[in-house]
Amino acid sequence: MATLFDPVTIGDIALNNRIVMAPLTRNRSPGAVPNTLNVTYYEQRASAGLLITEGTAITQQGQGYADVPGLYTPQALEGWRKVTDAVHAKGGRIVVQIWHVGRISHNSLQPEGAKPVAPSAIRAKSKTYLINADGTGSFTETSEPHALEIAEIDGIVEDYRRAARAAIDAGFDGIEIHAANGYLIDQFLRSGSNHRSDAYGGTLENRARFLFQVVDAVTQEIGAGRVGIRLSPVTPANDAYDPEPQAVFGYVLKNLARYALAYIHIIEGATGGPRDHQQGDHPFDYPALRATYVAAGGKAAWMTNNGYDKALAEKTLRDGEADLVAFGKPFIANPDLVERLERNAPLNAPDQATFYGGGARGYTDYPALEQVA
Ligand code: 8OZ
């Protein structure tokens with residue numbers, strides 16, 4: 001029976017343990033370029049079986065928040081190379097979460113102040129994070145998006161492909177496609193944000209078309225064994241809504257089984273909130289979702305996330321409901337989370353006020369156990 005501390009190989013990536021650091025937006029890469037502070041942060045957490053970076057924009061158009069990193073300039077790739085080298089020197093593994101925010105953006109972040117892009121011209125009831133001229137941060141309403149023309153969509157798929165190649169060139173062990181939390185791919189999937197009547201709207205097949213174009217492109221480019229995907233079937237994050245999530249995500253998982261992916265990453269419930277959050281008439285059936293995937297021949301590792309502690313994570317592995325568990329906030333506050341869980345040591349509490357933006361405080365200054373002792 002596997003424990004959290006046992007190694008596992010997922011696709012082409014060999015992990016030292018089954019404890020994953022979830023992707024966490026921290027807004028500490030001005031100019032979209034990873035810097036030495038970011039290197040220290042990831043290096044401190046390299047004992048995780050797998051580090052998933054914060055959401056990393058594939059293009060400036062894919063940017064939705066101040067000071068999040070990108071993968072689209074030579075400077076950013078040089079910055080990421082220092083991160084991947086540092087993590088590998090500590091024996092860790094790291095994938096980059098590739099991200100296009102779609103409508104969750106603001107004109108001021110877009111190339112030439114353009115409108116953000118989306119499946120339909122429907123503004124999200126959601127906020128984005130900007131940094132003011134005086135350096136203080138503020139949450140601001142998202143801007144009204146422009147509905148993508150069919151002719152624009154292939155170019156964005158190519159942006160994902162190029163980002164996947166750039167990630168491997170920068171030394172990452174793989175990529176995670178961010179298809180969760182109400183961003184561009186999720187906007188296509190759900191009927192709340194997709195009102196199209198062309199080949200990208202209406203039926204499940206059409207709403208999932210963009211997702212599968214992206215999966216095709218990145219798996220062709222770097223090999224499916226270096227690709228994971230993150231989904232959040234019922235999250236209300238960023239105004240994501242669909243009344244029939246079981247049907248939508250059942251369709252997605254059934255078709256993802258065609259690819260020999262490294263992992264499937266499922267956020268259970270409301271991202272960062274209640275695990276039992278529901279959309280539509282029924283509680284979401286996660287075991288049924290996995291059963292659909294397995295019945296279709298899917299073999300990727302199954303990663304779960306949201307509000308786990310050690311006891312729930314161990315039970316989930318024991319019951320065979322997951323192969324890996326991703327922890328978010330506990331990794332913000334505990335660089336040595338793996339060691340603390342193994343020794344049943346107390347955890348540092350995260351400081352919400354320093355999650356987004358700022359410097360070393362609340363980022364690289366959480367003590368490890370031996371610093372406490
Ligand atoms: C929190 C703040 C900003 C962005 C996500 C990338 O929800 C995010 C995010 C989270 O996936």
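Everything below is about the structure printed above this text.
Residues numbered from 1 in each chain as written. Predicted model: local features only at pLDDT ≥ 70, side-chain atom pairs only at ≥ 80, totals over all residues. Heavy atoms only, no water.

**What about the nonpolar core?**
Counting 84 residues, the largest nonpolar core has I175, F210, L211, L256 and I264 as its most contacted members. In terms of residue count, helix α6 (residues 209-222) provides more of this core than any other element does, eight residues in total. Those residues within four positions of I264 in sequence are excluded, and the remaining contacts are I229, L253, L256, Y293, A300, A301, W302 and M303. In this structure, I10, I13, A301 and L324 belong to the second largest nonpolar core, which totals 15 residues. (Core = buried A, V, L, I, M, F, W, Y, C linked by side-chain atoms within 4.5 Å. Buried < 20%, exposed > 50% of the residue type's maximum accessible area, 1.4 Å probe, protein only. Helix = DSSP H or I, 4+ residues; strand = E, 2+ residues; numbered from the N terminus. Contact = heavy atoms within 4.5 Å.)

**Things to note about the packing of aromatic side chains**
What the rule picks out here adds up to 17 aromatic pairs. Through pairs of rings, three or more aromatic residues link up here, namely Y41, Y42, W80, F172 and Y363. Cation over ring: R258 sits above F212, and NZ or CZ is 5.4 Å from the ring centre. A cation over a ring is seen here: R275 above Y308, with NZ or CZ 4.6 Å from the ring centre. (Phe/Tyr/Trp six-rings, centres within 6.5 Å; stacked < 30°, edge-to-face > 60°. Lys NZ or Arg CZ within 6 Å of the ring centre and 35° of its normal.)

**Some details on helix α9 (residues 310-318)**
When we look at burial in α9, the residues that qualify are K310, A313, T316 and L317. Here the buried residues of α9 occupy an arc of 130° about the axis, which is enough to place them on one side. Those residues of α9 that are buried lie in contact with β13 (301-305), β14 (324-327) and α11 (337-342). (Arc of directions from axis to C-beta.)

**Side note on the site of the ligand**
The immediate surroundings of the ligand are formed by T25, Y65, W99, H178, N181, Y183 and Y356. One nitrogen or oxygen atom from the side chain of H178 is found 2.8 Å from an oxygen atom belonging to the ligand. In the environment of the ligand, an oxygen atom lies 2.8 Å from a nitrogen or oxygen atom belonging to the side chain of N181. Isolated, the ligand exposes 300 Å² of accessible area, and the fraction of that covered by the protein chains is 79%. In this structure, the ligand is accommodated by the largest pocket. Residues of the shell around the ligand, tallied by class, amount to four nonpolar, three polar and no charged. (Near = heavy atom within 4 Å. Polar contact = N/O pair within 3.5 Å; in protein donor to acceptor, adjacent residues only side chain to side chain. Areas by Shrake-Rupley, 256 points an atom, 1.4 Å probe, with all protein chains shown as cover. 1 Å grid on protein atoms, 1.4 Å probe; cavity = no way out; pocket = protein on both sides within 12 Å on 5 of 7 lines; lining within 4 Å. Sits in = over half its atoms within 2 Å of the grid points. Nonpolar A, V, L, I, M, F, W, Y, C, P; charged D, E, K, R; others polar.)

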